[in-house]
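# Topology and contacts: notes
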Amino acid sequence: MSIKLVFGTQWGDEGKGKVVDYYAEKADIVVRYQGGNNAGHTIKIGDEVFKFHLLPSGVVRKGKTAVIGNGVVVDPKVLISEIEAIRSRGIEPHLVISDRAHVIMPYHKMLDGAEERFRGKKKVGTTGRGIGPCYSDKIARLGIRMGDLVDEETLRERLEFIIPLKNGIFEAYGMEERLSVDEVFEEYSQYGKYLKDMVRDTVAMLHGSMDREILLEGAQGAMLDVDFGTYPYTTSSHTIGGGASAGSGIPPNAIDEIIGVVKAYTTRVGMGPFPTEQDNKIGEHLGRKGHEFGTTTGRSRRCGWLDLVVVKHALRISGANGIVITKIDVLEGLEKVKVARAYEIDGKRVDRFPASMKDIAKIKPIYRDFEGWTVENGEWERAKKEGISALPKTLKEYLAFIEKETGVKIRMVSYGPAREETVEI
Ligand code: IMP
């Protein structure tokens, strides 16, 4: 029995879906603990491709329990359509949803758009799914929780209080739309009926299952964390390792292993600083070869070199004791490969990620250069048997450099989307 946590160390899209799925094989319970349907992961099992935004990855594996923890924000409409989609493929999910998880309501989605319009040139580039406004309401104690959604009396009571307030905000934003309590109640009480049997006290359930294999599945990445990321260009939840505890009710000292997922280069969707961005041929190579298009919004991702200042920041804060390198195959075919190991700001060497946007804007990455490499046919298969010593020299140097700089052991290297394209170390 053990509790394992997997989180992203960059700006999301590190390839966590595959890593979570890999570890999920041994897990009895897979828990999502933050974010909502702003996330997107694609899982390939045999020839079948599954795309989820809200459901924990483990849900497609037989005999596993999938948990949506209290830290997640749930759009019930999206959740029901994902449940229906997997049912239509003959899989009956065993899903449990926290009664404390907050519900994304129609006004959250409307306000996500309005706030972005209000920010104008300074927009965050959100996914438009109502994530920020839902978390804002949670913190402002104006939220509706899953436990309220499935209780008609409480739902109506909350709506009667909240909807007039939201209509007032629409007016202040100069929006024409208004919501009616009856219409929202009509629609959302139906969702409540559908989900009622799945909504439970997941804290009690998880505490009663601490002797099982539990996998905590992070969404987004540490640089999108609302405190430790590139604020205000972040998401609204805690994407660092610590978010797992607050978002599931599993105490920090019960977590046995913390694994940070590191993509071999960096990508970012939406606006905000990105010190190692390559808005050039190299970025194009990474985007094309790495299929860097958002699963959720279809937007093309900005691409750049691996930034170890970012990764070290994420690993330090999250307390990771292992890393998984993903998409290493994408770097093949480049003449030179660079990695940022530190920054220069105002002529001074800095190896911590700064908080201030002004300092971040002045960052000049200090790179270490590597000769490019090509992995010949069969070399990955050999590496699976003999270890990474079977790989090309410069690739080994690249991996060794990451390990040395971060001080965290590489547990696994992924070189393609399929489950088999993985070398355990
Ligand atoms: P929000 O989470 O929709 O509020 O968006 C805030 C920022 O986080 C935007 O820059 C999004 O592009 C980014 N973001 C949110 N979810 C993901 C994700 O799963 N992967 C990558 N970026 C994300």
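Residues numbered from 1 in each chain as written. Predicted model: local features only at pLDDT ≥ 70, side-chain atom pairs only at ≥ 80, totals over all residues. Heavy atoms only, no water.

### Focus: the layout of surface pockets
Taken as a whole, the second largest pocket encloses approximately 250 Å³ of empty space. Along the wall of the second largest pocket there are 14 residues; nearest its centre are Lys4, Tyr22, Tyr23, Lys26 and Glu257. For the lining of the second largest pocket, the secondary-structure elements that each account for two or more residues are α1 (16–24) and β10 (214–221). Grouping the constituent residues of the lining of the second largest pocket by class yields five nonpolar, one polar and eight charged. (1 Å grid on protein atoms, 1.4 Å probe; cavity = no way out; pocket = protein on both sides within 12 Å on 5 of 7 lines; lining within 4 Å. Points joined across faces, edges and corners; volume = space filled by probe spheres on them. Helix = DSSP H or I, 4+ residues; strand = E, 2+ residues; numbered from the N terminus. Nonpolar A, V, L, I, M, F, W, Y, C, P; charged D, E, K, R; others polar.)

### What to know about the site of the ligand
Lining the immediate surroundings of the ligand are 15 residues, of which Asp13, Asn38, Thr127, Thr235 and Arg299 lie closest. Contact distances for the ligand include 2.9 Å between an oxygen atom and a side-chain N or O atom of asparagine 38. Within the contact set of the ligand, an oxygen atom lies 3.1 Å away from a side-chain nitrogen or oxygen of arginine 299. Isolated, the ligand exposes 470 Å² of accessible area, and the fraction of that covered by the protein chains is 96%. The residue makeup of the shell around the ligand, split by class, is five nonpolar, eight polar and two charged. Of the residues that make up the shell around the ligand, three or more belong to each of domain 1 (3–87 + 204–424) and domain 2 (102–198). (Near = heavy atom within 4 Å. Polar contact = N/O pair within 3.5 Å; in protein donor to acceptor, adjacent residues only side chain to side chain. Areas by Shrake-Rupley, 256 points an atom, 1.4 Å probe, with all protein chains shown as cover. Domains from an automatic or database assignment.)

### Notes on the domain arrangement of the protein
Domain boundaries assigned for the protein yield domain 1 (3–87 + 204–424) and domain 2 (102–198). Its C-alpha centre places domain 1 at a distance of 30 Å from the equivalent point of domain 2. Contacts between the two partners involve 29 residues from domain 1, matched on the other side by 24 residues from domain 2. Taken over both partners, the interface formed by domain 1 and domain 2 buries close to 2100 Å², and the fraction arising from carbon and sulfur atoms is 61%. The partner of lysine 109 in a salt bridge is aspartate 75, with the nearest N and O atoms 2.9 Å apart. (Contact = heavy atoms within 4.5 Å. Buried area = accessible area lost by both parts, 1.4 Å probe. Salt bridge = Lys/Arg side-chain N within 4 Å of Asp/Glu carboxyl O.)

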